[in-house]
Amino acid sequence: MLEYIVKRIFIFIPTLIIISMAIFFLNLMAPGDPVESMLNLSSGGEAGGNMADKMSGEEAYLKKRAELNLDQPIFYFALTSKAYPDTLYRIPRKWHRETLHKMIGTYGNWEQINAYYQELQSFENDVIQVKRDSLNPKALIKIRENIGNLYNNSEEEKVTKYFSNIESYIDDAPSTMALSGSFTALKDAHNAVLTKATKWKTKIPKFSWYGLKNQYHIWFSNFVQLDFGMSLQDKQPIAHKIKSNIAVTMTISLLSILLTYLIAIPLGIFSARNKGRFSDNVTTTVLFVLYSLPNFWIATLLIIYLCSPENLNWFPPYGLGEFSEGMNFFQKLGVRAYHIVLPLFCWTYGSLAFLSRQMRGGMLNVLGQDFIRTARAKGLEENRVIYKHAFRNSLLPVITIFGNVFPAMISGSIIIEVIFSLPGMGRMLLNAIVFKDFPVVFTLVLLTAFLTMLGYLIADILYAVVDPRISYK
Amino acid sequence: MSNDLNKEANELNKGVNDLKDEQVQLAINNSNDEQSYWSNVKRQYKKNKRAVFAIYVVGFLALIAIFADFLANEKPIVCKYEGKISAPVFKGYMVDAGWAKWPKQFQNVEWKDLDYDFAVWPLIPYLPTNLDFRNDKFVGPFEKQNVKSRKWRHRLGTDQLGRDVLSGMIHGTRVAFLVGIVSMTIATFIGILLGSLAGFFGDNELKTSRASIIFGALFFFPAVFYGFTSRKYDINNFGQFLLSLLIFFGIITLGIFIGKLFKKIPVLGKQVAIPVDILITRLIEVVVSVPVLVLVLAITAVLSKPSILYVMVIIGMVRWTGIARFTRAELMRQKRLEYIEASKALGFSRVRSLLKHALPNSLSPVFIAVAFGVAASILIEAFLSFLGVGVPVETVTWGQLLSASRKATDAWWLAIFPGFAIFITVTMFNLIGEGLTDALDPRQKR
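Thresholds applied
- As a convention, each chain's residues are numbered from 1 in the sequence order in which they are written.
- Going through the entries in the order they are written, you letter the chains from A and number the ligands from 1.
- Owing to the predicted nature of the model, reporting of local features is limited to residues with pLDDT of at least 70; listing and counting of side-chain atom pairs is limited to 80 or more, with chain, interface and lining totals taken over all residues.
- The side-chain figures draw on all heavy atoms in the structure; neither hydrogens nor water molecules are used.
- Numbered from the N terminus, helices here are DSSP runs of H or I no shorter than four residues, and strands are runs of E no shorter than two.
- Our radius of gyration is a C-alpha quantity, and the globule rule it is checked against amounts to 2.2 Å times the number of residues to the power 0.38.
- Burial classes: relative accessible area under 20% of the type maximum marks a residue as buried, over 50% as exposed, and values in between as partly exposed (1.4 Å probe, protein chains only).
- Computed by Shrake-Rupley with a 1.4 Å probe, the accessible areas treat only the displayed protein chains as cover when residues are assessed.
- Only four residue types enter the tally: Lys and Arg on the positive side, Asp and Glu on the negative side, with His and both chain ends excluded.
- For this purpose, a charge sits on NZ of Lys, CZ of Arg, CG of Asp or CD of Glu.
- Contacts are assigned to residue pairs with any non-hydrogen atoms lying within 4.5 Å of each other.
- When two parts are put together, the accessible area they lose, computed with a 1.4 Å probe and summed over both, is reported as buried area.
- When a carboxyl oxygen of Asp or Glu is within 4 Å of a side-chain nitrogen of Lys or Arg, the pair counts as a salt bridge.
- Whenever two N or O atoms come within 3.5 Å, that pair is a polar contact, provided that in protein one can donate a hydrogen and the other can accept it, and provided that, for residues adjacent in sequence, both atoms are side-chain atoms.
- The convention used is that axes are lines fitted to C-alpha atoms, helices contributing only their stretch in contact, and that angles between N-to-C directions extend from 0 to 180 degrees.
- Any angle between 65 and 115 degrees counts as roughly perpendicular, while under 35 counts as roughly parallel, over 145 as roughly antiparallel, and the rest as oblique.
- Here a crossing is taken to be left-handed if its near helix is turned anticlockwise relative to the far helix by less than a right angle, and right-handed if that turn runs clockwise.
- The definition of a nonpolar core used throughout is a set of buried Ala, Val, Leu, Ile, Met, Phe, Trp, Tyr and Cys residues joined through side-chain atoms within 4.5 Å.
- Here, a strand pair is defined by DSSP locating no fewer than two bridges between the strands.
- Each domain's limits were defined by an automated method or a database of domain assignments.
- Per residue, pLDDT captures the predictor's confidence, and it can take any value from 0 to 100.
- Residues forming no salt bridge and having over 30% relative accessible area are the ones grouped into patches, like charges within 9 Å of each other and nonpolar side chains (Val, Leu, Ile, Met, Phe, Trp, Tyr) within 5 Å.
- Any two of the Phe, Tyr and Trp rings considered here, Trp counted by its six-membered ring, make a pair once their centres fall within 6.5 Å; the pair's planes then place it as stacked at under 30 degrees, edge-to-face at over 60, or tilted in between.
- Definition used: whenever NZ (Lys) or CZ (Arg) falls within 6 Å of the ring centre and also within 35 degrees of the ring normal, the charge is taken to sit over that ring.
- Here a helix's expected span is defined as the number of its residues, less one, multiplied by 1.5 Å.

Enquirer: Would you explain the overall build of chain A in this entry?
Expert: Tallying secondary structure elements over chain A gives 18 helices and 2 strands in all. At 32 Å, chain A has a C-alpha radius of gyration far larger than the 23 Å of a compact globule built from 473 residues. Here the C-alpha coordinates of chain A stretch approximately 110 × 60 × 40 Å along the principal axes. Evaluated residue by residue, chain A yields a buried proportion of 46% over its 473 residues. For chain A, the accessible surface area stands at approximately 23400 Å², while carbon and sulfur atoms represent 62% of it. Of the charged side chains in chain A, 46 are positive and 37 negative; the average position of the first set lies 11 Å away from that of the second.

Have a look at this one:
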């Protein structure tokens, strides 16, 4: 038994690691630059501002990037082509990196591309240093706009278009004419990229090893130590946010699980004992209907009909209620209970119906077996047959479901918490998704996966405890 | 004398033979009475009245889904306008497919305001996206509506922008069925593929030489590289993606093939088993460990543009595990049966006995999983559009209509009807799933 548990836990760890990798790479695909979101910058927004602004902005960007560990290589190793330098991850801006990556993929000559990138930066600096006068403001703004476009695009036609745009504005004012030198250098650099293209380099594979200091490793080892990073939305530590949201979800779901098992098991047994009778038919039908009723529909209906002044105003439509001063413990409990009734109902009825049906099925299955007939034949009274012999055996399907309790808890909490505006984990997840707050989203997804696997582990172990016939050798 | 005896014996023999024939015929007749497996299942299924009823309801809903454009549309089905008879709804299909263009008199017109000689209108003369400004801000089905005549009434009311709710319900049926069918097709394909591999080959029946494994693994990285990494910026459509897959599997196959050349070398040529079952069960465990809903939400958040197609594909990609498990379990049972043994003895290849013999006999439980799967995917889609995540705003769905009721608590028609539609559809598919479970259960007395 102990051996089995240990073995089971050993399987649990690699599975968790694989899941974490999958989630990490999903996170990489997320749109947007997290550093820019943290600094409240709009993407690629570089027009306007002077040199000092730019420098301090760059500094802040680099600092934030290092803080978020985004200046590290992504994974332990990378499979790229010979055309790519090992150090591409050191280019700070995500958008620039993507453009350069694409350019290397198309032309395969990093040396020239890098030179072009340097030229582009120095041209930008030159443009920023041009003093404003009455003649040039429009030209300066337009040129910088086009520079921003050059940073984000690499297709040949687009680049040519932006170049010709810049060219047309450069002649606008005498102050901008001075830029033509560095602009020619930029154009030459881009020409070099085109003429000295080494596309063949992209066809030769290269394997680079980065070691333990990489984004995934840091992210996952922090995760294991319960350091989940920062939320992009309100710049708070995610662990802190979870701490303030978990209580509601935990309370309601624990209550819900308790209620489910307390009602479902006796109901299932009752239904199975009266199989074919009127009471069983009624219970089975009601349970089937409950099982199929989408809980977000019921919750919406309940809010409309039981919580609004136009109809019955019996329950509060949202929140957990406020405490007024001088309330004692029981009054406070009353306020909470009053607010929790409807969400708890919507949260519970589905799983309650499901579990009862499973319990009934399991019980019927057991009651049809030979050893029950034997027990009856030797004259045991019915209750003893049911509770002593049949009950334990019919628990197996119910235990399997215990593994599903955790995932059901999290996905169930999303809709109920959103509809009833409860400050819990589900609402936090949905908020994060709506606001594209990816660190929070993926932390919650990984936590959910972890809890789910824990649920399955517990279910497997319980299985072994209840049914001694099962050996896990 | 002896001749007579012979004759007698012959006659007796003949009699015996006749008797034998008769018995054989009887046996055949009997077996016809017993009927085939599927007609048995059908009979068993028909005993369940609720499940049969569910089939009819689903059929009815499917008809609504198919003919949604003819039931609720802003264009007339047939009309005579400026002396010409035309069928605008049908024509609309041709225009959408790019095979035809609207004639001049119908370009950018408000269909309802045209002066027809005659027109046959759909039952509901609105598209779910039509904004009726004279009846906006939640007009109920029984309230006074600002319409020309009874025919133009919004029979189930309107929403805030004056969109017809009944029309939305009808077109929502189509979305729901599409989601159910597309996502379950994807899920069934993946599920049967992986489930049958795991179930049929198990952990020690897919054998290959060590050299093949080594070379296959060695060629994995070049396969990834030439298939995907170096083609990263070439893959911009589905054809390119298929080409990438082809390159990927081609290189791996090449590796395995090179491995085969080393068959004769003692250490490298040793046959070892690939633990297919362990690998696939682990994969199922990984996918199952994140709740479908959370996974779908997270993936839709990553996608830059919401699209109902993405939602279908994602649901299909994460909901295959049940089907895979069913197939795996059934194949494990089937492969121990004698007929597989027999096909082995006849010298058929493993792949042939899998594809032609074991798999067709193992698919029945898959139907159960698919029926429940359709119900679940319709529910997930409704849930997503209720939350307004992943499904574009301009696609009218049941979930979206229902969520509109949260903004107007007195618009009861928005709360009742779409929710009821979701409920009925989900329930009917669940009933079918239950009916199939009972009908396919071998323990049932036939």
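Enquirer: Looking at this structure, how should I read the overall build of chain B?
Expert: Assigned secondary structure in chain B consists of 18 helices and 5 strands. What you see for chain B is a C-alpha radius of gyration of 30 Å, clearly larger than the 22 Å of a compact globule of 446 residues, by over 25%. With the C-alpha coordinates aligned to their principal axes, the bounding extent of chain B is approximately 105 × 75 × 45 Å. Split into buried and exposed, the 446 residues of chain B put 46% on the buried side. Of the contacts formed within chain B by residues at least 6 apart in sequence, a portion of 71% connects residues at least 24 apart. Total accessible area on chain B stands at roughly 24300 Å², and carbon and sulfur atoms take up 64% of it. Between the mean site of the 51 positive side-chain charges and the mean site of the 35 negative ones, chain B shows a separation of 6 Å.

Enquirer: Which parts of the structure should I look at to understand the interface of chain B and chain A?
Expert: The figure often quoted for interface size is the accessible area lost as the parts come together. Contacts between the two partners involve 47 residues from chain B and, on the opposite side, 59 residues from chain A. Carbon and sulfur atoms make up 75% of the area that chain B and chain A hide from each other, which totals about 4500 Å². On inspection of chain B and its partner chain A, the count reaches 1 salt bridge. Notably, a salt bridge pairs E434 of chain B with R357 of chain A, separated by 2.1 Å at the nearest N-O pair. Counting across the interface, chain B meets chain A through 5 residue pairs in polar contact (both at pLDDT 80 or more). Elements that contribute at least two residues to the side of chain B that touches chain A include exactly α8 (220–229), α10 (276–288), α11 (292–302), α16 (364–387) and α18 (412–440) of chain B. In terms of residue count, the dominant contributor to the side of chain B that touches chain A is α18 of chain B (12 residues).

Enquirer: Please explain the packing of helix α13 (residues 295–306) of chain A against helix α14 (residues 329–367) of chain A as it appears in this structure.
Expert: Working note: a packed helix pair is described by the angle between its axes plus the distance between those axes. Residues and elements named next belong to chain A. At a minimum axis distance of 9 Å, the contact between α13 and α14 shows a crossing angle of 155°. Relative to α14, the element α13 lies roughly antiparallel. Crossing angle aside, the handedness with which α13 passes α14 is right-handed. The segment α13 lies against α14, with N295, I298, A299, L302 and L306 engaging L342, F345, C346 and Y349.

Enquirer: Hey, could you run me through the nonpolar core in this one?
Expert: One recurring pattern in soluble globular proteins: nonpolar side chains tend to sit buried together. Counting 168 residues, the largest nonpolar core has F296 and F420 of chain A together with L387 of chain B as its most contacted members. In terms of residues, this core owes the most to one element, helix α6 (residues 165–201) of chain B, which gives 16 residues. Among all residues touching L387 of chain B, those that are not within four sequence positions of it are I414, I415, V418 and L430 of chain A together with L297 of chain B. If you look at the next biggest cluster of nonpolar residues, it comprises 33 residues, including W110, L120, I170 and V193 of chain A.

Enquirer: Would you mind showing me how to read the sheet that holds strand β1 (residues 78–81) of chain B here?
Expert: Across a sheet, paired strands are connected by hydrogen bonds in the backbone, their directions being either parallel or antiparallel. Residues and elements named next belong to chain B. Ordered in space as β2-β1-β3, the 3 strands form an open sheet in which the pairing is antiparallel. Two strands lie at the open edges of the sheet, namely β2 (84–86) and β3 (118–120), each paired on one side alone. Here the average twist between neighbouring strands, direction ignored, is 20°. Pairing analysis gives 3 bridges linking β1 to β3, with the strands arranged antiparallel. When the bridges of β3 are listed, K80 appears paired with F118.

Enquirer: Sorry, what's going on with the domain arrangement of chain A here?
Expert: On domain assignment, one finds that chain A holds domain 1 (35–224) and domain 2 (238–466). Just the C-alpha atoms count here: the centres of domain 1 of chain A and domain 2 of chain A sit 53 Å apart.

Enquirer: Just to check I follow, could you spell out the domain arrangement of chain B for this structure?
Expert: Once the domains are mapped, chain B shows domain 1 (43–73 + 133–205 + 282–446), domain 2 (74–121) and domain 3 (207–273). Distance from the C-alpha centre of domain 2 of chain B to the C-alpha centre of domain 3 of chain B: 56 Å.

Enquirer: What's the story with the confidence of the model for chain A in this structure? I'm lost.
Expert: Detailed reading of predicted coordinates is not advised where the pLDDT is low. Residue and element names in this part refer to chain A. Of all residues in chain A, 95% have pLDDT values of 70 or greater, and the mean over the chain is 83. Confidence, read as mean pLDDT per element, is least for helix α8 (residues 174–177) in chain A (75) and greatest for helix α10 (residues 215–224) (91). Ignoring residues within four places in sequence, the model shows residues 43–47, a span with pLDDT below 50, making 9 contacts including any to other chains.

Enquirer: Just checking my understanding: could you explain the pattern of salt bridges for this structure?
Expert: Two side chains bearing opposite charge may form a pair once their charged atoms approach each other closely. Overall, the coordinates contain 17 salt bridges over all chains when judged by the stated rule. Between E382 of chain A and R376 of chain A there is a salt bridge, with the nearest N and O atoms lying 2.9 Å from each other. Given a relative accessible area of 31%, E382 of chain A falls into the partly exposed group. Judged by relative accessible area, which is 38%, R376 of chain A ranks as partly exposed. Close ionic contact of E330 of chain B with R333 of chain B constitutes a salt bridge, the shortest N to O distance being 3.0 Å. Of this pair, E330 of chain B and R333 of chain B both sit in helix α13 (residues 321–334), 3 residues apart, roughly one helical turn. For E330 of chain B, a relative accessible area of 14% puts it in the buried group.

Enquirer: Would you take a moment to explain a positive patch on the surface for this structure?
Expert: A surface patch of like charges, here positive, comprises R134, K148, R150, K151 and R155 of chain B. On the secondary structure map, R150 of chain B appears in the loop between β3 and α6.

Enquirer: In this structure, what is going on with the side chain of T158 of chain B? I would like to understand it.
Expert: With respect to the helices, strands and loops of the structure, T158 of chain B is situated in the loop between β3 and α6. Residue T158 of chain B is classed as buried on the basis of its relative accessible area, which comes to 0%.

Enquirer: Whenever I open this one, the packing of aromatic side chains confuses me. Can you help?
Expert: The geometry of an aromatic ring pair comes down to the distance between the two centres and the angle between the two planes. With the rule as written, the count across this model stands at 46 aromatic pairs over all chains. Aromatic side chains F24 of chain A and Y216 of chain A sit 5.4 Å apart centroid to centroid with 70° between the ring planes, which places their arrangement in the edge-to-face category. Residue F24 of chain A is found in helix α1 (residues 2–29), and its partner Y216 of chain A is found in helix α10; the two are separated by 192 residues along the sequence. On the basis of an interplanar angle of 80° and a centroid distance of 5.8 Å, the ring pair of Y116 of chain B and W121 of chain B is categorised as edge-to-face. We classify Y116 of chain B as buried; its relative accessible area is 14%. Taking the relative accessible area as the measure of exposure, W121 of chain B reaches 15% and is therefore buried. The ring of W95 of chain A is capped by K94 of chain A, whose NZ or CZ atom sits 5.9 Å from the centre of that ring. Lying over the aromatic face of F288 of chain A, R50 of chain B brings its terminal NZ or CZ to 5.5 Å of the ring centre.

Enquirer: Can you walk me through the environment of E382 of chain A in this structure?
Expert: Looking at the secondary structure, you find E382 of chain A in helix α16 (residues 382–419). Sequence-wise, E382 of chain A and E58 of chain A are 324 residues apart; in three dimensions their C-alpha atoms are separated by 80 Å.

Enquirer: When you look at the pairing of β1 of chain B in this model, what are you seeing that I'm missing?
Expert: Each regular strand shows side chains that alternate between the opposite faces of the sheet. All names here are of chain B. Alternating positions in β1 separate cleanly, C79 and Y81 being buried on one face and V78 and K80 remaining unburied on the opposite face. Pairing geometry for β1 and β2, over 3 bridges, is antiparallel. For C79, the partnering residue across the bridge sits in β2 and is S86. Hairpin connection, β1 to β2: the antiparallel pair is bridged by 2 residues, and E82 has positive phi, about 50°.

Enquirer: Is there a simple way to think about the pairing of strand β1 (residues 77–81) of chain A in this case?
Expert: Residues and elements named next belong to chain A. Buried residues dominate β1, accounting for 4 of its 5 residues. The pairing of β1 with strand β2 (residues 205–209) spans 5 bridges and is antiparallel. Across the sheet, residue F77 finds its bridge partner in β2, namely W209.

Enquirer: Honestly, α13 of chain A in this entry has me stumped. Any pointers?
Expert: The α-helix advances 3.6 residues per turn, and as a result positions three or four apart in sequence lie on the same side. All names here are of chain A. The end-to-end C-alpha distance of α13 is 15 Å, a good match for the 16 Å that 12 residues give at a rise of 1.5 Å each. Of all 12 residues making up α13, 10 are buried, and the element is well covered by its neighbours. Buried within α13 are the following residues: F296, W297, I298, A299, T300, L301, L302, I303, I304 and L306.

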